[in-house]
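Read off the chains here:
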Amino acid sequence: MASTSKPGGTGLEEVGVPGQTFLRDALTSCTDPLKAIEEFQLENGILLPSLRPMLPLLDLHGVRRLDFHTSVLEELRDKLIVHINELGSKEGKENDKKLKDLLAKSFAIVRIKALRPVIMSILKNTPHIDDKYLRVLVRDRELYNDTDTEVKRQIWQDNQSLFGDEVSPLLSQYIREKENVLFDHENLTNLFFSPSPKVRRQGAVVQKLAHMIGTSVKLYDMVLQFLRTLFLRTRNVHYCTLRAELLMALHDLEIQDIISVDPCHKFTWCLDACIRERNVDIKRSRELQGFLDSIKRGQEQVLGDLSMTLCDPYAINFLATSAIKILQHLINTEGLPRDNTILILLLRMLALGLSAWVMIDSQEFKEPKLDSQVVTKYLPALMSLMVDDQVRALHNKLPPDERESAITTIEHSGPPPDACEAYMRESTVCGVLAMYYTLHAAKLRDRGALLRILSILGSCKDGRAYEDPFLHALVALLIQLPDEFQGEDFSTVLFDEFFFAGLTKDNVTRHILKLLWYIYPKLPETRIHTLMKALQPGTQHNESVHKLHEALQQKLNTQAEPAASTSEIEYLDSPLMSVPTPAPYHM
C-alpha cells in the first residue's frame, strides 16, 4: 500500500474547477501577475454580488481571506454531509443512483483533505462501491486510514491479508487483557471467572470485531479461520473464548445474516444461558443433547467449532463445577452417577471440549467416546473423598472424644483411593473433575480434603492442573487461608508435592509468586528462602516475572529489617530514663 498520493494531483481540473495547474499556467504566461491573481479570485471566489462589498470590511478587521473562505467551506461541507447521510438512510434505487452519480462526479477530489469528508460520506452511504474506487483507496495509505469501517468492509471482502493486518492487533490485545487478569498479583477482586458472559462480551475488542464484521458472513468466516489457526498454532484457549463471545455479541446485535448461518449458534446460545444462570435444567440439557445427537453424516466438521466453544475456560469451569454439584447432590440422595442423565451430558460436553485441539489438528471430526469406567469407577472413588469430607466436618461439630477422633481421622483422612490417581493420569475429564473438586474443598476451607487431593493433583493428564485459569482460581482461594500455611504439612504438600512438580512451566512461577505476595508473613524463614531460590526467574521468563520476583524480594527484605531496635535505642536515650519509677499507689 502506497503512503503518498499522486504528485500535484488535487483532481480539481477533473471536475471542471481551475486548480493548481491552471493557476501555474496563468502566472507563467501573463504579463501582469497581480492582475492575473485578481482575475482568478474574481472568477473563482464566492459568486454572490452582495458579498463583494463586505470583503474589504473583513480586511479592515484583520480577517484573512483564507480564514473566511475556509470557514464558509467547512459550514457548507457539514451541511452537505448531513444531506448525504439523509439520502443514504432512505432506501430505494433512486437514492442509490443519486449517490453513485455524486460519487462519480466528486471522487476525483478525494485527495483534497478539506473536501475528503464529503467523498467519504458518499462512500459510506453507498451499499455497493465499484472496484475502481476501492482500488484507489487501497493503494493510498492516507486515504485508506481515513476510510470508514463500512467502506473498509467492502475492501476486506476480497483482501484477506489486509483484513488480517487490521484484526491481528485486536486479537493480541484480547489475549493480553485475559492474561493481565490471570497474572495481576494485585488483583483479588476482579477474578477471571467473576464477570458474566454478557459483561465479558461488552469488552472493547469483541465490540470492535463485531463492528468490523457488520453483516458480512465472509468477514465473519475469515475471523473464525484466524481464531482456529491461532488456537492450533498456540494452544491458547482464550481464542476459544473469543469465538463464543463474538458469536454471542452478534446475537445481541441481532445480525440475522450471520447467526442464521452459523451452525453453532443455537448450541452456543443455550450454553451461554446455562453459564449465565449457573445452572443446567432438564429442558436446556435436552436442547444441548438434541443438538449433539442431531449432527448427521457429512456435517461432522461442525464438531470442530463446537469443541472450540466447549474448550472455552468459562465453559469448562461451568461444566466441571456443575458436575461437582451434581455429585454432591447424588451423595445426599444416595443416587448413582450413571443414572443421572444431566451429569452424563456434562461429562460428554467436557470430553468434547477437552479434545478440541487434537480434533482440529488431526482434522478427524469425531466425538470422543467417554470411557464407561469414568462413570462406574472414577466418580464413585471421587465421591468417596467427598463423603469422607462430610464425615470429618460432621465429626468436628460433635463433642470431643479422643478415641473416636483418632478412629475418624484414620478412616477418613488416609491417601485417596488408587482409582483416583490412576484415572487422573489416563483421562483429561477425570483430571479436570479432580481440579474442580480441589476448588470445591478450598471454598469450604477443608484442610484435610486439600491435603489429600493436592498430593496427587500434579499427576493430571497433559499437566491440566497447571493451566492458568485453574491456578488463578486456586491461588485466589488459598490466599483466603493464610493460617493454614503455619503448618509445615500443608506447605510440604502444596509447594513440594504440587507446585514444584510444575515449576518447569513458566506460568506456574507467576502464580506461586502471587500467592507468596500475600501469605509470606505466615511462612517460616527457611521455607521462604527455599521458595524464593526455587522461583528465581531465568532468561526464559518475561520481564514482568523478574519485576514481580524483585518486588517480592524487596518486600521480604523490608519486613526482615528489625523495626524494634530503633525504638529501643530511642527509648534508652530518653531523658525520662533518669526519672525514678513512682511507687505503686495503695488503697
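Just above sits the structure.
Attention in this report is confined to the structure presented alongside it. For clarity, every value in this text was computed on a predicted model and none was experimentally measured.

Here's the deal with the overall build of the protein
Scanning the protein for helices and strands turns up 32 helices and 0 strands. Residues classed as buried in the protein amount to 45% of the 587 residues present. Contacts in the protein between residues far apart in sequence, at least 24 positions, make up 70% of those at least 6 positions apart. With the model as given, the accessible surface of the protein reaches about 32200 Å², and the carbon-plus-sulfur share is 54%.

Focus: the layout of surface pockets
Taken as a whole, the second largest pocket encloses approximately 1300 Å³ of empty space. Every residue lining the second largest pocket is counted, 47 residues in all, and those nearest its centre are Arg 235, Leu 354, Asp 462, Arg 464 and Glu 467. Secondary-structure elements contributing two or more residues to the lining of the second largest pocket are α10 (160-183), α13 (217-234), α20 (341-354), α21 (356-362), α24 (418-426), α25 (428-443), α27 (468-478) and α29 (506-519). The element contributing the most residues to the lining of the second largest pocket is α21, with 5 residues.

Some details on a nonpolar patch on the surface
Together, Leu 27, Leu 34 and Ile 37 give the surface a local cluster of nonpolar side chains, amounting to about 280 Å² of exposed area. Among the structural elements, Ile 37 can be located in helix α2 (residues 33-44).

Structural notes on α10
Relative to the 34 Å expected for 24 residues at 1.5 Å per residue, α10 spans 34 Å between its end C-alpha atoms, a close match to the ideal helical length. If you look at α10, its biggest bend is around 30°, right at Val 167, and the proline Pro 169 turns up within four residues after that. Residues of α10 that are buried: Leu 162, Phe 163, Gly 164, Val 167, Leu 170, Leu 171, Tyr 174, Ile 175, Lys 178, Leu 182 and Phe 183.

Here we look at a negative patch on the surface
A contiguous patch of negative charge on the surface is contributed by Asp 32, Glu 38, Glu 39 and Glu 43. Tracing the backbone shows Glu 39 in helix α2.

Brief notes about the packing of helix α17 (residues 282-293) against α20
Two elements in contact, α17 and α20, have axes separated by 10 Å at closest approach and are oriented at 45°. By the angle class used here, α17 and α20 are oblique. Where α17 crosses over α20, the handedness of that crossing is left-handed. Contacts between α17 and α20 involve Ile 282, Ser 285, Leu 288, Gln 289, Leu 292 and Asp 293 from the former and Ile 342, Leu 345, Arg 348, Met 349 and Leu 352 from the latter. Its residues assigned to classes, the contact of α17 with α20 shows 7 nonpolar, 2 polar and 2 charged.

A word on empty space enclosed by the protein
Summed over the entire model, instances satisfying the criterion amount to 2 cavities of 30 Å³ or more. Within this model, the largest cavity holds a volume of roughly 170 Å³. Contributing to the lining of the largest cavity are 13 residues, with Pro 313, Ile 316, Arg 464, Glu 467 and Pro 469 lying nearest its centre. If you list the elements that add at least two residues to the lining of the largest cavity, you get α19 (313-333), α25 and α27. At 3 residues, the largest contribution of residues to the lining of the largest cavity is made by α25.

Things to note about the environment of Gly 45
Here Gly 45 lies in the loop between α2 and α3 (54-60). What makes Gly 45 partly exposed here is its relative accessible area of 23%. The spatial distance from the C-alpha of Gly 45 to the C-alpha of His 69 is 8.6 Å, given a sequence separation of 24 residues.

Some words on the pattern of salt bridges
Applying the stated rule across the entire model yields 34 salt bridges. For Asp 252, the salt bridge identified is with Arg 201, shortest N-O distance 2.6 Å. One end of the pair, Asp 252, is in helix α14 (residues 238-252); the other, Arg 201, is in the loop between α11 (197-200) and α12 (204-213), with 51 residues separating them in the sequence. A relative accessible area of 28% means that Asp 252 is categorised as partly exposed. Among the salt bridges present, the one from Arg 425 reaches Glu 421, with a minimum N-O distance of 2.8 Å. Linking Arg 425 with Glu 421, this pair stays in helix α24, spanning 4 residues, or about one helical turn. Assessed through its relative accessible area of 48%, Arg 425 is described here as partly exposed. Owing to a relative accessible area of 26%, Glu 421 belongs among the partly exposed residues under this scheme. Look at the salt bridges and you will find they share partners, linking Arg 201, Asp 252, Asp 272, Arg 276, Glu 277 and Arg 284 into a network.

Some words on α29
For α29, which comprises 14 residues, the first-to-last C-alpha distance of 21 Å matches the rise-based estimate of 20 Å (1.5 Å per residue) to within 8%. Residues of α29 that are buried include every one of Asn 507, Val 508, Thr 509, Arg 510, His 511, Ile 512, Leu 513, Lys 514, Leu 515, Leu 516, Trp 517 and Ile 519, and no others.

Let's talk about the nonpolar core
Counting residues in each nonpolar core, the largest one holds 169 residues, and the members touching the most others are Leu 457, Leu 494, Phe 495, Phe 498, Phe 499, Leu 515 and Leu 516. A total of 12 residues in this core trace back to one element, the largest contributor, which is α19. Contacts of Leu 494, omitting those with residues within four sequence positions, involve Leu 454, Leu 478, Phe 485, Phe 499 and Leu 515.

Re the environment of Thr 241
With respect to the helices, strands and loops of the structure, Thr 241 is situated in helix α14. Put simply, Thr 241 and Tyr 314 are 73 residues apart on the chain and 7.4 Å apart in space, counted from C-alpha to C-alpha. Contact partners of Thr 241, with chain neighbours within four places excluded, come to Tyr 174, Lys 178, Arg 200, Asp 312, Pro 313 and Tyr 314. Within the structure, Thr 241 has its side chain in polar contact with the side chain of Asp 312 (distance 2.7 Å).

Structural notes on the packing of aromatic side chains
Summed over the entire model, instances satisfying the criterion amount to 13 aromatic pairs. With 6.2 Å between their ring centres and 45° between their planes, Phe 485 and Phe 495 make a pair best called tilted. A residue pair is termed long-range when its members are at least 10 positions apart, and Phe 485 in the loop between α27 and α28 (488-498) and Phe 495 in helix α28 qualify at 10 residues. Phe 495 gets classed as buried once you look at its relative accessible area, which sits at 0%. Chaining the aromatic ring pairs together yields one cluster made of Tyr 466, Phe 485, Phe 490, Phe 495, Phe 498 and Phe 499. Over the aromatic face of Tyr 314 sits the side chain of Arg 200, whose NZ or CZ is 3.6 Å from the ring centroid.

Scoring rules and cut-offs
Residue positions are given per chain, counting from 1 as you read along its sequence in written order. Confidence filtering applies because this is a predicted model: local features only for residues at pLDDT of at least 70, side-chain atom pairs given and counted only at 80 or more, and all residues used for totals across whole chains, interfaces and linings. Side-chain figures throughout are based on the complete set of non-hydrogen atoms in the structure, without hydrogens or water. To qualify as a helix, a DSSP run of H or I must reach at least 4 residues; to qualify as a strand, a run of E must reach at least 2; elements of each kind are numbered from the N terminus. Three exposure classes are used, based on accessible area relative to the maximum for each residue type with a 1.4 Å probe and protein chains only: buried under 20%, partly exposed in between, and exposed over 50%. In this analysis, two residues are considered to be in contact whenever any of their non-hydrogen atoms come within 4.5 Å of each other. For every accessible area listed, the method is Shrake-Rupley and the probe measures 1.4 Å; residues are considered covered only by the protein chains on display. Only protein atoms enter the 1 Å grid used here. Points where a 1.4 Å probe fits but cannot escape make up a cavity, open sets with protein on both sides within 12 Å along at least five of seven lines make up a pocket, and a residue lines them when an atom lies within 4 Å of a point. Grid points are joined across faces, edges and corners, and a volume is the space filled by probe spheres set on the points. Without a salt bridge and with relative accessible area above 30%, a residue can belong to a patch; like charges are then joined within 9 Å and nonpolar side chains (Val, Leu, Ile, Met, Phe, Trp, Tyr) within 5 Å. Every case where a carboxyl oxygen of Asp or Glu lies within 4 Å of a side-chain nitrogen of Lys or Arg is listed as a salt bridge. Residue count minus one, scaled by 1.5 Å, sets the expected span of a helix. Two axes are fitted around each residue, one to the seven residues ending there and one to the seven starting there, and the angle between them is reported as the bend at that residue. Counting rule applied: Lys, Arg positive; Asp, Glu negative; His and chain ends not counted. Working definition for charges: the position is that of NZ of Lys, CZ of Arg, CG of Asp or CD of Glu. The axes used here are C-alpha line fits, helices contributing only the stretch in contact, and every angle between their N-to-C directions lies in the interval 0 to 180 degrees. Oblique is the label for every angle not falling under 35 degrees (roughly parallel), over 145 degrees (roughly antiparallel), or within 65 to 115 degrees (roughly perpendicular). We call a crossing left-handed when the near helix sits turned anticlockwise from the far one by less than a right angle, and right-handed when that turn is clockwise. Charged means Asp, Glu, Lys or Arg here, nonpolar means Ala, Val, Leu, Ile, Met, Phe, Trp, Tyr, Cys or Pro, and polar covers whatever is left, Gly included. Think of a nonpolar core as a cluster: buried Ala, Val, Leu, Ile, Met, Phe, Trp, Tyr and Cys residues, connected wherever their side-chain atoms sit within 4.5 Å. N or O atoms closer than or at 3.5 Å make up a polar contact, with two conditions inside protein: a donor-capable atom paired with an acceptor-capable one, and, for residues adjacent in sequence, both atoms drawn from side chains. Two rings from Phe, Tyr or Trp (for Trp, the six-membered ring) form a pair when their centres sit within 6.5 Å of each other. Planes less than 30 degrees apart are called stacked, planes more than 60 degrees apart edge-to-face, and all others tilted. Geometrically, a lysine NZ or arginine CZ counts as sitting over a ring once it is within 6 Å of the ring centre and also within 35 degrees of the ring normal.

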